[in-house]
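# Tertiary structure, described
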Amino acid sequence: METVTIDVVSDVVCPWCYLGKKRLAQAVDAVCDELNVSVTFRPYQLNPDMPAQGVDHKSHLAEKLGGEAAVERAHKTLTELGEQAGIDFHFDAISRSPNTLDAHRLMRWAMIEGPQVQHRVTLALFKAYFEEGRNIGERSVLLDIAEKCGMDRAVVCTLFSAGADVDSVKEEIGMAREMGITGVPCFIIDNKYAVMGAQSTEVLASAIREAAALKQSEAPGEG
């Protein structure tokens, strides 16, 4: 069975990235009888200059989107799309827009433990922020998520305190920008093809199948 790799460049405070993660999971399920799909989440920061303590969410978003009316329209659209994908967005519960560097460090360590651990941590981060209104810029929240997802809380705490992988994560984010990624989510399939935005499940499934077919057609013949 052909294996397709997907690197998902995303930020855990991006609602479209949460939607994209859910739709990708559905797309992978749709092709699971035909293909093996390996998914890795890569870091990106929509607001790399965000203060470590974060900022007030509502005023930040209003300034970014052009006023409260624009925010309400965006939230209404996302809430409806979220319901279709199994996401219960609670935007009113969010009080802080956090710096996500530590969240991405946690996702990096989760990947070292295995793709399934990273998937659990990534989903837990999205859910904590968008459905529970928790501040995922706080290390206590991140430690709770790590422990709940099966990671060793004491080890993760030590890694945070030691400043582990700060430069590595920043470098990876810089590489994404150098590749021309200016918006997320971005799905990079087999290190060759990029699908931008929270596309539908059908579009993502089709892109996965097309990448697999191209790989097969380019493979050297037997005999």
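Small disclaimer: the values here were computed from a predicted structure and weren't measured.

## Digging into the overall build of the protein chain
In terms of regular secondary structure, the protein chain is built from nine helices and six strands. In terms of overall size, the protein chain behaves like a compact globule, its C-alpha atoms giving a radius of gyration of 18 Å where 223 residues would be expected to give roughly 17 Å. In terms of overall dimensions, the protein chain has a C-alpha envelope of 65 × 45 × 30 Å along the principal axes. By residue count, 48% of the 223 residues in the protein chain fall in the buried class. Pairs at least 24 residues apart make up 76% of the contacts formed inside the protein chain by residues separated by at least 6 positions. Roughly 11,200 Å² of accessible area belongs to the protein chain as shown, and the carbon and sulfur atoms make up 51% of that amount. Looking at the protein chain, you have 22 positive and 33 negative side-chain charges, and the mean spots of the two groups are 3 Å apart.

## Let's talk about the nonpolar core
Ranked by internal contacts, the top residues of the largest apolar core, which has 64 residues, are Leu106, Val121, Ile136 and Ile145. Among all residues touching Val121, those that are not within four sequence positions of it are Leu106, Met107, Ala110, Ile145, Cys149 and Met151.

## What about the environment of Val156?
With respect to the secondary-structure elements, Val156 resides in helix α7 (residues 153-161). Leaving out residues up to four positions away in the same chain, Val156 has contacts with Leu106, Trp109, Leu143, Ala146 and Met151.

## Some words on the environment of Ala207
Structurally, Ala207 can be placed in helix α9 (residues 201-218). A residue is classified by how much of its surface remains accessible, and Ala207, at 15% relative accessible area, is buried. Expressed as a C-alpha distance, the spacing of Ala207 and Ala27, which sit 180 residues apart in the sequence, is 9.6 Å. Leaving out residues up to four positions away in the same chain, Ala207 has contacts with Ile189 and Val195.

## Some points on the packing of aromatic side chains
What the rule picks out here adds up to eight aromatic pairs. Aromatic side chains Tyr18 and Phe130 sit 6.1 Å apart centroid to centroid with 25° between the ring planes, which places their arrangement in the stacked category. Linking Tyr18 in helix α1 (residues 15-31) with Phe130 in helix α5 (residues 115-130), this pair joins segments that are 112 residues apart in sequence. Overall, Tyr18 belongs to the buried group, its relative accessible area being 1%. Overall, the relative accessible area of 2% leaves Phe130 in the buried class. Their ring planes at 80° and their centres at 4.9 Å tell us that Tyr129 and Phe130 sit as a pair that is edge-to-face.

Rules used in this analysis
- Residues numbered from 1 in each chain as written.
- Predicted model: local features only at pLDDT ≥ 70, side-chain atom pairs only at ≥ 80, totals over all residues.
- Heavy atoms only, no water.
- Helix = DSSP H or I, 4+ residues; strand = E, 2+ residues; numbered from the N terminus.
- Rg over C-alpha atoms; globule rule 2.2 N^0.38 Å.
- Buried < 20%, exposed > 50% of the residue type's maximum accessible area, 1.4 Å probe, protein only.
- Contact = heavy atoms within 4.5 Å.
- Areas by Shrake-Rupley, 256 points an atom, 1.4 Å probe, with all protein chains shown as cover.
- Lys, Arg positive; Asp, Glu negative; His and termini not counted.
- Charge placed at Lys NZ, Arg CZ, Asp CG, Glu CD.
- Core = buried A, V, L, I, M, F, W, Y, C linked by side-chain atoms within 4.5 Å.
- Phe/Tyr/Trp six-rings, centres within 6.5 Å; stacked < 30°, edge-to-face > 60°.

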